[in-house]
Amino acid sequence: AQSVSQHNHHVILSEAASLELGCNYSYGGTVNLFWYVQYPGQHLQLLLKYFSGDPLVKGIKGFEAEFIKSKFSFNLRKPSVQWSDTAEYFCAVNERSGGGADGLTFGKGTHLIIQP
Amino acid sequence: DAGITQSPRYKITETGRQVTLMCHQTWSHSYMFWYRQDLGHGLRLIYYSAAADITDKGEVPDGYVVSRSKTENFPLTLESATRSQTSVYFCASKARDGSIYEQYFGPGTRLTVT
């Protein structure tokens, strides 16, 4: 079975600081990788996704993530955070061979607080 | 252009009662999913459906029942609610082709079982 581990459960940063949120998954096969964001009181929104090709993926709002296959990692980065980035961030994975029907396996989430 | 909607958005019910959470999508997506979100657990898959009349269990299906008689609807029923089912429930859908691996989430239903 797949599992996703997010190393940081709570992160507090000041505005303009750089951000890196760790995500590791355990699965031996080919996977699709995602980062979702949940702003306070809102539903999940997709930040970025990796299916294949260039392992450095750029998403919305200045976020990017790098897939490192040898490390089973898909860390999320942003060079300069803003107060509006305060949210819950979830890493998720599903099997490429799942045929589309399988759901996502999520990490437990990282609660990010940006201080003005 | 509603996308994916859930109702009710908030629900309080008593232990032992049956409650149904509704999910409706306007995209004619083939796949639909139910997740629950609990502090410290992230989101966990309850049930999913690949098409009308095709459903399957996810990670935490016990105590839940689903049906999918129409492509656009995917109701989740708690047959006899328990306090451990207090959670936020998210419905999601994704298309068969194109962005087949991207799921779109509804706004969630916050359920409290007293």
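The model shown is predicted, which means the values in this text are computed figures rather than measured ones. Each chain has its residues counted from 1, following the order in which its sequence is written. Here the convention is simple: chains get letters from A, ligands get numbers from 1, in the order in which they are written. Residue-level local features of this predicted model are given only where pLDDT is at least 70; pairs of side-chain atoms are given and counted only at 80 or more, and the full residue set underlies all totals for whole chains, interfaces and linings. Values reported for side chains reflect all heavy atoms of the structure, with hydrogen atoms and water molecules removed beforehand.

1. Digging into the interface of chain A and chain B
Contact between two residues is taken to exist if any of their heavy atoms lie within 4.5 Å; hydrogens are not considered. Listed by partner, the interface residues are 21 residues for chain A and 19 residues for chain B. Both faces combined, the contact of chain A with chain B buries some 1,700 Å², and carbon together with sulfur accounts for 56% of it. The salt bridge definition used is simple: a Lys or Arg side-chain nitrogen within 4 Å of an Asp or Glu carboxyl oxygen. There are one salt bridge connecting chain A and chain B. As a salt-bridge pair, lysine 49 of chain A and glutamate 102 of chain B come within 2.7 Å of each other at their nearest N and O atoms. Contacts described as polar in this section are N or O atom pairs within 3.5 Å, which, within protein, must combine one atom able to donate a hydrogen with one able to accept it, while residues neighboring in sequence count only if both atoms come from side chains. In this assembly, chain A and chain B are joined by five residue pairs in polar contact (both at pLDDT 80 or more). Contributing elements (two or more residues each) for the side of chain A that touches chain B: strand S5 (31-38), strand S6 (45-50) and strand S10 (87-95) of chain A. We count a stretch as a helix when DSSP gives it H or I for four or more residues in a row; a strand needs E for two or more, and each element gets its number in order from the N terminus. Top element by residues in the side of chain A that touches chain B is S5 of chain A. It accounts for four residues. Ten residue types, Ala, Val, Leu, Ile, Met, Phe, Trp, Tyr, Cys and Pro, are classed as nonpolar, four, Asp, Glu, Lys and Arg, as charged, and the remainder, Gly among them, as polar. For the side of chain A that touches chain B, a count of residues per class yields nine nonpolar, eight polar and four charged. Buried area is understood as the total, over both parts, of accessible area removed when two parts are fitted together, assessed with a 1.4 Å probe.

2. Quick word on the pairing of S5 of chain A
Residue and element names in this part refer to chain A. For S5, a buried count of eight out of eight residues is recorded, marking the element as mostly surrounded by other parts of the structure. Burial of the side chains of S5 extends over both faces: Val31, Leu33, Trp35 and Val37 are buried on one face and Asn32, Phe34, Tyr36 and Gln38 on the other. When DSSP finds two or more bridges between two strands, those strands count as paired. Here S5 runs beside S10; their pairing, made up of eight bridges, is antiparallel. What sits directly across from valine 31, in S10, is glutamate 95. One ladder, built from five bridges, connects S5 with S6; its direction is antiparallel. Residue pairing in the sheet places tyrosine 36 in a bridge with leucine 46 of S6. Think of it in three bands: residues with accessible area under 20% of the maximum for their type are buried, residues over 50% are exposed, and the middle band is partly exposed, with areas taken using a 1.4 Å probe on protein chains only.

3. A look at the packing of aromatic side chains
The way to describe two aromatic rings as a pair is by their centre distance and the angle between their planes. The criterion for an aromatic pair is that two Phe, Tyr or Trp rings (for Trp, the six-membered ring) have centres within 6.5 Å, with stacked assigned to planes under 30 degrees apart, edge-to-face to planes over 60 apart and tilted to the rest. In the structure shown here, the tally under the stated rule is 16 aromatic pairs over all chains. Ring centres of phenylalanine 63 of chain A and tyrosine 89 of chain A lie 5.7 Å apart, and the angle between their planes is 45 degrees; this geometry places the pair in the tilted category. Of the two residues, phenylalanine 63 of chain A is situated in the loop between strand S7 (56-58) and strand S8 (64-68) and tyrosine 89 of chain A in strand S10; the sequence distance between them amounts to 26 residues. In terms of burial, phenylalanine 63 of chain A and tyrosine 89 of chain A fall into one category: buried. With a centroid separation of 5.3 Å and an interplanar angle of 55 degrees, the aromatic rings of tryptophan 27 of chain B and tyrosine 104 of chain B are classed as tilted. Note that tryptophan 27 of chain B is positioned in the loop between strand S3 (19-25) and strand S4 (31-38) and tyrosine 104 of chain B in strand S10 (residues 104-105), a separation of 77 residues in sequence. Under the relative-accessibility criterion, tryptophan 27 of chain B is labelled partly exposed at 36%. The exposure class assigned to tyrosine 104 of chain B is partly exposed, which follows from its relative accessible area of 30%. Site record: aromatic cluster; members linked through ring pairs are Phe34, Tyr36, Phe51, Phe90 and Phe106 of chain A together with Phe33, Tyr35, Tyr48 and Phe105 of chain B.

4. Considering the layout of surface pockets
Note on definitions: the grid is 1 Å and covers protein atoms alone; a cavity is a set of points where a 1.4 Å probe fits but cannot get out; a pocket is an open set with protein on both sides within 12 Å along at least five of seven lines; lining residues have an atom within 4 Å of a point. Grid points are joined across faces, edges and corners, and a volume is the space filled by probe spheres set on the points. As a volume, the largest pocket reaches approximately 610 Å³. If you go around the largest pocket, you meet 26 residues; those closest to its centre are Gln38 and Glu88 of chain A together with Gln37, Leu39 and Arg110 of chain B. At the level of elements, S10 of chain A together with S4, strand S9 (87-94) and strand S11 (109-113) of chain B are the ones that each hand at least two residues to the lining of the largest pocket.

5. Points about unusual backbone geometry
Residue proline 8 of chain B is reached from serine 7 of chain B by a cis peptide bond, and omega for that bond is -10 degrees. Here the phi dihedral of phenylalanine 72 of chain A falls at roughly 50 degrees; this positive angle occurs in a residue that is not glycine. Its place among the elements puts phenylalanine 72 of chain A in the loop between S8 and strand S9 (73-78). Notably, serine 28 of chain B is not glycine yet its phi reads approximately 60 degrees, a positive angle. Structurally, serine 28 of chain B is set in the loop between S3 and S4. Taking the relative accessible area as the measure of exposure, serine 28 of chain B reaches 59% and is therefore exposed.

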